[in-house]
Amino acid sequence: METNLLFPALKAIAAFFDGCKVGYQGTKGYRKSTDLFKFIHCIRELRTLGFLDKDSTVFTDLGCADGRVNIFMSYFVRQSIGIEIDSEILNEYTLRRKGLDGLLRQAGLPLPPGNIFLFNGNSIDPETYKRMGEETGVGFADVDIFYTYITLHDVFGEKIAAEARPGALYLVYGFNRILPRYGEKMEIVLPDVGSQGIAALYRKKE
Ligand SMILES: C[S@@+](CC[C@H](N)C(=O)[O-])C[C@H]1O[C@@H](n2cnc3c(N)ncnc32)[C@H](O)[C@@H]1O
């Protein structure tokens, strides 16, 4: 893939998803969409620091909604996995992908690679990771970067501290300056990823 087209592709994807940004409180919890334009800066910094490797990194969004962050990350990782508890929300992915792919083709920009795996499931249920292992070949302990947009960030933080591999990263979107802590085993690596005031990066200690 042409590297010089990667960031133009991200900008086109961000503009596309900006047209369908979501923010509401539903029966199954809180839904809000990552600001993809700001997230481009986060990706740049993660990449510069060597945290994203196309040949090895496994990324997982623990509440992926329509998979927009998965689409973004797919260009920079080996596997881009998303888990979403609400099947209706997850179903939005198919139609959006159709629209997005048409737009990227028209603009001569690279389409997301075929490494996106999205599941309907509960991210705190071990059964979900059993299914994930069966379908993708990777389990919870193989994930290199976990992601959440506020949702259950404290519960996920505990789970990552207890069950992720040492060195696994946890990118938490939605906090600025006053950052949550997830216990002794989790350290803050970057308090303000990409200098956008939107996300902090944690790591499970070795
Ligand atoms: C704040 S939205 C973030 C969506 C997307 N990650 C983004 O940044 O644009 C959180 C999503 O997590 C989902 N969710 C809530 N609890 C969940 C759980 N236990 N397992 C999986 N998904 C969950 C919600 O339905 C919602 O779509």
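Scroll up for the structure.
Residues numbered from 1 in each chain as written. Predicted model: local features only at pLDDT ≥ 70, side-chain atom pairs only at ≥ 80, totals over all residues. Heavy atoms only, no water.

**Student:** Just to check I follow, could you spell out the packing of aromatic side chains for this structure?
**Tutor:** Two numbers describe a pair of aromatic rings. These are the distance of the centres and the angle of the planes. For the coordinates displayed, the defined rule picks out 12 aromatic pairs. Taking the centre distance of 5.5 Å and the plane angle of 70 degrees together, the rings of Phe39 and Tyr147 count as edge-to-face. With Phe39 in helix 2 (residues 36-48) and Tyr147 in strand 6 (residues 145-149), this residue pair connects regions lying 108 residues apart in the sequence. Between Tyr182 and Tyr202, the ring centres sit 4.8 Å apart and the planes meet at 65 degrees, which makes this aromatic pair edge-to-face. (Phe/Tyr/Trp six-rings, centres within 6.5 Å; stacked < 30°, edge-to-face > 60°. Helix = DSSP H or I, 4+ residues; strand = E, 2+ residues; numbered from the N terminus.)

**Student:** Teacher, can you tell me more about the packing of helix 1 (residues 6-18) against helix 2 here?
**Tutor:** Between two packed helices, both the angle of their axes relative to each other and the distance between the axes serve to describe the pair. The contact between helix 1 and helix 2 brings their axes to 9 Å, and the two run at 150 degrees. Considered as vectors, helix 1 and helix 2 are oriented roughly antiparallel to each other. Relative to helix 2, the crossing made by helix 1 is right-handed. Contacts from Leu6, Phe7, Leu10, Lys11, Ile13, Ala14, Ala15, Phe17 and Asp18 in helix 1 reach Leu36, Phe37, Ile40, Ile43, Arg44 and Arg47 in helix 2. Of the residues that constitute the contact of helix 1 with helix 2, the class distribution is 11 nonpolar, no polar and 4 charged. (Axes fitted to C-alpha atoms, helices over the stretch in contact; angles between N-to-C directions. Parallel < 35°, antiparallel > 145°, perpendicular 65-115°, else oblique. Left-handed = near helix turned anticlockwise from the far one by under 90°. Contact = heavy atoms within 4.5 Å. Nonpolar A, V, L, I, M, F, W, Y, C, P; charged D, E, K, R; others polar.)

**Student:** Got a minute to help me understand helix 5 (residues 126-136) in this structure?
**Tutor:** Residues three or four positions apart in an α-helix share a direction because the helix packs 3.6 residues into each turn. Of the positions making up helix 5, those classed as buried are Thr128, Tyr129, Met132 and Thr136. All buried residues of helix 5 project into a common sector of 95 degrees when viewed along the axis, lining one side. Away from its buried face by more than 90 degrees, helix 5 exposes Pro126, Lys130 and Glu134. On its buried face, helix 5 sits against strand 3 (58-61), strand 4 (79-84), strand 5 (116-120) and helix 6 (153-163). One side-chain oxygen of the residue at the start of helix 5 lies 3.0 Å from the amide nitrogen of Glu127, identifying that residue as Asp125. Of the residues trailing helix 5, Gly137 is marked for its positive phi of about 85 degrees. (Buried < 20%, exposed > 50% of the residue type's maximum accessible area, 1.4 Å probe, protein only. Arc of directions from axis to C-beta. Polar contact = N/O pair within 3.5 Å; in protein donor to acceptor, adjacent residues only side chain to side chain.)

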